[in-house]
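Residue-level structural notes
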Amino acid sequence: MGIETSADHNGAESSFTSAIIAIEELARIDPSVSVLCDVHNTLVNTVIRKYGTKEQQDKWLPQLAESKLGSFCLSESASGSDAFALQTRARKEGDSWILNGSKMWITNSWEAEVFLIFANVDPSKGYKGITCFVATKDMGIQIAKKEQKLGIRASSTCTLNFDDLKIPAENVIGGEGKGYKMAIEILNEGRIGIAAQMLGLAQGAFDKAVPYTYQREQFGQPIGTFQGMAFQIAQAAIDLETARLLTYNAARLKEEGKAFTREAAMAKYHASVVAQRVSGQAIEWAGGVGFTRETGIEKFWRDSKIGAIYEGTSNIQLQTIAKFIQKEYS
Ligand code: CAA
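Note that the structure is a prediction, hence the values are computed from the model and not measured. Counting restarts for each chain: residues are numbered from 1 in the order of the written sequence. Where totals are concerned, whole chains, interfaces and linings use all residues; where local detail is concerned, this predicted model gives features only for residues with pLDDT of at least 70, and gives and counts side-chain atom pairs only at 80 or more. Just so you know, side-chain values use all the structure's heavy atoms and leave hydrogens and water out.

This paragraph deals with the nonpolar core. Counting 54 residues, the largest nonpolar core has Val 47, Phe 72, Leu 74, Leu 116, Phe 118, Phe 206 and Trp 285 as its most contacted members. Helix numbering and strand numbering both begin at the N terminus, where a helix is a DSSP run of H or I of at least 4 residues and a strand a DSSP run of E of at least 2. When contributions to this core are tallied by element, the ones reaching two or more residues are helix 2 (31-51), helix 3 (54-66), strand 4 (114-120), strand 5 (130-136), helix 4 (179-215), helix 5 (227-255), helix 6 (261-285) and helix 8 (297-304). The element that contributes the greatest number of residues to this core is helix 4, accounting for 15 residues. Residues contacting Phe 118, with those up to four places away along its chain left out, are Phe 72, Cys 73, Leu 74, Glu 76, Leu 86, Thr 88, Lys 103, Ile 130, Thr 131, Cys 132, Gly 179 and Ala 183. Counting 17 residues, the second-largest nonpolar core is a separate cluster that includes Leu 99, Ala 119, Ile 141 and Ile 167. Side-chain atoms within 4.5 Å link the members of a nonpolar core, which is a set of buried Ala, Val, Leu, Ile, Met, Phe, Trp, Tyr and Cys residues. The buried label applies to any residue whose accessible area, calculated with a 1.4 Å probe on protein chains only, is under 20% of its type's maximum; exposed applies above 50%, and partly exposed to all values in between. Contact definition: two residues touch when any of their heavy atoms are within 4.5 Å.

It is worth spelling out the pattern of salt bridges at this point. Salt bridge, as used here: a side-chain nitrogen of Lys or Arg that lies within 4 Å of a carboxyl oxygen of Asp or Glu. Following the criterion strictly, the structure yields 20 salt bridges and no others. A salt bridge links Glu 25 to Arg 28, with the shortest nitrogen-to-oxygen separation between them at 3.4 Å. Taken together, the residues Glu 25 and Arg 28, both in helix 1 (residues 16-29) and three residues apart, mark about one turn of the helix. Measuring nitrogen to oxygen at the nearest pair gives 3.0 Å for the salt bridge that ties Lys 299 to Asp 30. Of this pair, Lys 299 sits in helix 8 while Asp 30 is found in the loop between helix 1 and helix 2, placing the two residues 269 residues apart along the sequence.

UniProt positions are given in the numbering used here, feature names are shortened, and annotations may be inferred rather than shown by experiment. Per the UniProt entry, the sites bearing "domain: Acyl-CoA dehydrogenase/oxidase C-terminal" (unreviewed entry) are residues 177-325 in this numbering. Spanning residues 177-325, this segment combines 78% helix with 3% strand, and its end C-alpha atoms are found 29 Å apart.

Attention shifts here to the site of the ligand. Throughout this document, a residue counts as near a molecule or strand when at least one of its heavy atoms sits within 4 Å of that molecule or strand. The environment of the ligand is formed by 23 residues, the closest being Ser 81, Thr 107, Tyr 127, Tyr 180 and Asn 188. The term polar contact refers here to a pair of N or O atoms within 3.5 Å; inside protein, the definition further demands a hydrogen-donor-capable atom paired with an acceptor-capable atom, and it admits residues adjacent in sequence only when both atoms are side-chain atoms. Contact between the ligand and Lys 128: an oxygen atom at 3.4 Å from a side-chain N or O atom of the residue. Contact between the ligand and Lys 181: an oxygen atom at 3.2 Å from a side-chain N or O atom of the residue. Summarising the interface, the protein chains cover 75% of the accessible area of the ligand, which totals 1,100 Å² for the free molecule. Computed with a 1.4 Å probe, the accessible areas rest on the Shrake-Rupley method; for each residue, only the protein chains presented here act as cover.

Any two packed helices are characterised by the angle at which their axes cross and by the distance between the axes. Contact geometry of helix 1 with helix 5 gives a least axis separation of 9 Å together with a crossing angle of 155°. Taken together, the axes of helix 1 and helix 5 are roughly antiparallel relative to one another. For the pair helix 1 and helix 5, the sense of crossing is right-handed. Only Arg 244, Thr 247, Tyr 248, Ala 251, Lys 254 and Glu 255 of helix 5 make contact with helix 1, whose side of the interface consists of Phe 16, Thr 17, Ile 20, Ile 21 and Glu 24. Asp, Glu, Lys and Arg are counted as charged, while Ala, Val, Leu, Ile, Met, Phe, Trp, Tyr, Cys and Pro are counted as nonpolar; the rest, among them Gly, fall into the polar class. Each residue belonging to the contact of helix 1 with helix 5 can be placed in one class, and the counts come to five nonpolar, two polar and four charged. Between N-to-C directions, angles span 0 to 180 degrees; the directions come from axes that are lines fitted to C-alpha atoms, helices contributing only their stretch in contact. Each angle is binned into one of four classes, with values under 35 degrees roughly parallel, values over 145 roughly antiparallel, values of 65 to 115 roughly perpendicular, and all other values oblique. If you view the pair so one helix is near and one far, a crossing is left-handed when the near helix is turned anticlockwise from the far one by less than a right angle, and right-handed when it is turned clockwise.

Following both chains from N to C, one finds helix 6 and helix 8 inclined at 155°, their axes separated by 8 Å at the closest point. Looking at the two axes, helix 6 sits roughly antiparallel to helix 8. Two packed elements cross with a definite hand, and for helix 6 against helix 8 that hand is left-handed. Across the interface between the two elements, Ala 275, Gln 276, Ser 279, Gly 280, Ala 282 and Ile 283 from helix 6 touch Ile 297, Glu 298, Phe 300, Trp 301 and Ser 304 from helix 8.

Turning our eyes to something else, we now look at the pairing of strand 1 (residues 70-73). The side-chain alternation of strand 1 yields two buried faces, one formed by Gly 70 and Phe 72 and the other by Ser 71 and Cys 73. With four bridges joining them, strand 1 and strand 4 adopt parallel strand pairing. Note that in strand 4 the partner of Cys 73 across the bridge is Ile 117. By the convention used here, strands pair only if DSSP detects at least 2 bridges between them.

This is the structure in structure tokens:
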């Protein structure tokens, strides 16, 4: 759980691409476990590694590598895509910050003990008042019930309430008013993680359904050898390859310190389309059995729907890509 965390902080000291591959491989079996690992590594650990002071890194990174789960708390009921309109407020009182507000649809929140919370310390400055705080559950974060969801049901998603939540002044990460830029810069990277999750999911569905098509015979031959199905399988293989290349390329650019925001948005958008398409087809290839809960293929399809929603909806990814095109061509 500390894939990129340094060995000094008890992490694996591996690369970003290693994290991406771990997320992809976990998703081949269970996309819920994958997103738990993804949010913890690509969002929570990365915020502290990139923006934390030495003291903050020494304090939080070993715990996050060894024993405690992290959660990233940005979205609210009225600020999903419009994330910077968040209403959670923080006011300074002596050596502490007092937070009031609530967060919604927070991944990992049921099991997490360490929470990165985005709150506005000065609404008169608009989104330039957004600040990131690190808090622990025992400070008094109220965690409401788990949402009942279509997919990734083993991944917890809860509402959090902060009622005069007291956080020590030293728990501000990256400086007052810096939270909005940190949040989006981290999400730019995180989107490559979700692309990897969706890619692994699609591969997992493919791996389950394709062998079945060579075992199941109808009209005296394996159904996967009928041209109609063989061509669908071939097209799905192309889908997997394009999603994989976009995802690994975005990871490569990030690792080389090059611009990657556009490529990350493309990878996330495309991998979530591929995940829905391939897992949906996989159900059809397995026919009646695919539609039952017997094979687990239908679970991949239910899990795929979230890929177009969290860490920036598909429309947000398209808008991000469109802004780059407009800048280049106008
Ligand atoms: N990269 C870097 N900076 C960006 C950026 C990007 N992709 N998009 C916007 N910005 C910066 C701008 O440069 C600007 O900063 P300055 O004022 O310093 O120049 C600032 O953000 C505001 O820019 P805009 O007015 O263009 O942005 P906006 O307010 O219209 O929307 C946004 C910005 C909220 C980031 C939106 O584009 C977005 O990405 N929304 C989706 C939010 C999201 O991803 N939420 C995920 C929640 S966490 C999660 O899902 C985890 C999980 O459960 C798995």
